[in-house]
Amino acid sequence: MKNLFSRQQPKKTNERIIVVSGLPRSGTSMMMKMLAEGGLPTVVDSLRQADEDNPNGYFEIEQVKALKDGEKNWIYDARGKVVKVISYLLEFLPEDVSYDIIFMEREISEVLASQRKMLQRRNETSNLTDAEMEAQFREHLKAVKYWAARKPNMRILYVKYSEMVGNPEKLCKSIADFLELPLDLNAMQAVPNQSLYRNRS
């Protein structure tokens, strides 16, 4: 795969990286698009194209998956930009960088319903029951929140998916305040789409 960034040795920096995180299917792609529309540069490779599950695109970079394998040099070139890192990979981020994390929260039942439909469309199945997966999700979220709260290089803003779709104006202002950046709030507010909120609890 073509590398989007030139390799360089890691170095300490005070310039923060903005991370959008959360469980898969929790609204992370929506938040990435909102920040992009708000005027922030995003780190994406467009390898995963928009589809029925994410009509507005995924806003991902494949290299994120390699964090757990120790491939971290590329993240240093994301300073001052936004990158999507699912919650399961947060622990693999380099510790000599500071992060502003926008963590999407969505009802577990909605996440499960969304994942189930996505698997069905792809003719895939899961070895876990919904009850087993829900238990794993809840345990994981509890652990990652406890861990992140104790990381001195991480600031976190938790954003509820349902509230962002229902009342984006208030939350967009909160995000701009959290990041301390002059974002285009009107453009951000235009992204959440009630018609795409298809798996409600």
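As the structure is a prediction and not an experimental result, all values here were calculated from the model.

Observations concerning helix 3 (residues 130-148)
In this model, helix 3 (19 residues) spans 26 Å end to end at C-alpha, consistent with the 27 Å of a helix rising 1.5 Å per residue. All of the buried residues along helix 3 are Met-133, Phe-137, His-140, Leu-141, Val-144 and Ala-148. Each buried residue of helix 3 lies within a common arc of 105 degrees when the element is viewed along its axis, so the set occupies one face. Opposite its buried face, helix 3 presents the exposed residues Ala-131, Glu-139, Lys-142 and Tyr-146, each directed more than 90 degrees away.

Side note on the layout of surface pockets
When its volume is computed, the second largest pocket comes out at roughly 280 Å³. Taken together, 17 residues make up the lining of the second largest pocket; nearest its centre are Glu-105, Arg-106, Glu-107, Ile-108 and Leu-141. Breaking the lining of the second largest pocket down by element, the ones donating at least two residues are strand 3 (99-105), helix 2 (108-121), helix 3 and helix 4 (161-166). Looking at the lining of the second largest pocket, its residues break down into eight nonpolar, two polar and seven charged.

Concerning the environment of Gly-38
Its location among the elements puts Gly-38 in the loop between helix 1 (28-37) and strand 2 (82-84). A C-alpha to C-alpha distance of 5.9 Å links Gly-38 and Ala-187, two positions 149 residues apart in sequence. Setting aside chain neighbours within four positions, we find Gly-38 in contact with Leu-183, Asp-184 and Met-188.

Some details on the confidence of the model for the protein chain
Mean pLDDT over the protein chain stands at 82; residues scoring 70 or higher make up 79%. Taken together, the stretch residues 1-14 has pLDDT below 50 and engages in 33 contacts with residues farther than four places along the chain or on a different chain. Across residues 197-201, confidence stays below pLDDT 50; counting only partners more than four residues off in sequence or on other chains, it has 19 contacts.

Definitions and cut-offs
- Residues numbered from 1 in each chain as written.
- Predicted model: local features only at pLDDT ≥ 70, side-chain atom pairs only at ≥ 80, totals over all residues.
- Heavy atoms only, no water.
- Helix = DSSP H or I, 4+ residues; strand = E, 2+ residues; numbered from the N terminus.
- Expected span 1.5 Å × (residues − 1).
- Buried < 20%, exposed > 50% of the residue type's maximum accessible area, 1.4 Å probe, protein only.
- Arc of directions from axis to C-beta.
- 1 Å grid on protein atoms, 1.4 Å probe; cavity = no way out; pocket = protein on both sides within 12 Å on 5 of 7 lines; lining within 4 Å.
- Points joined across faces, edges and corners; volume = space filled by probe spheres on them.
- Nonpolar A, V, L, I, M, F, W, Y, C, P; charged D, E, K, R; others polar.
- Contact = heavy atoms within 4.5 Å.
- pLDDT = per-residue confidence, 0-100.

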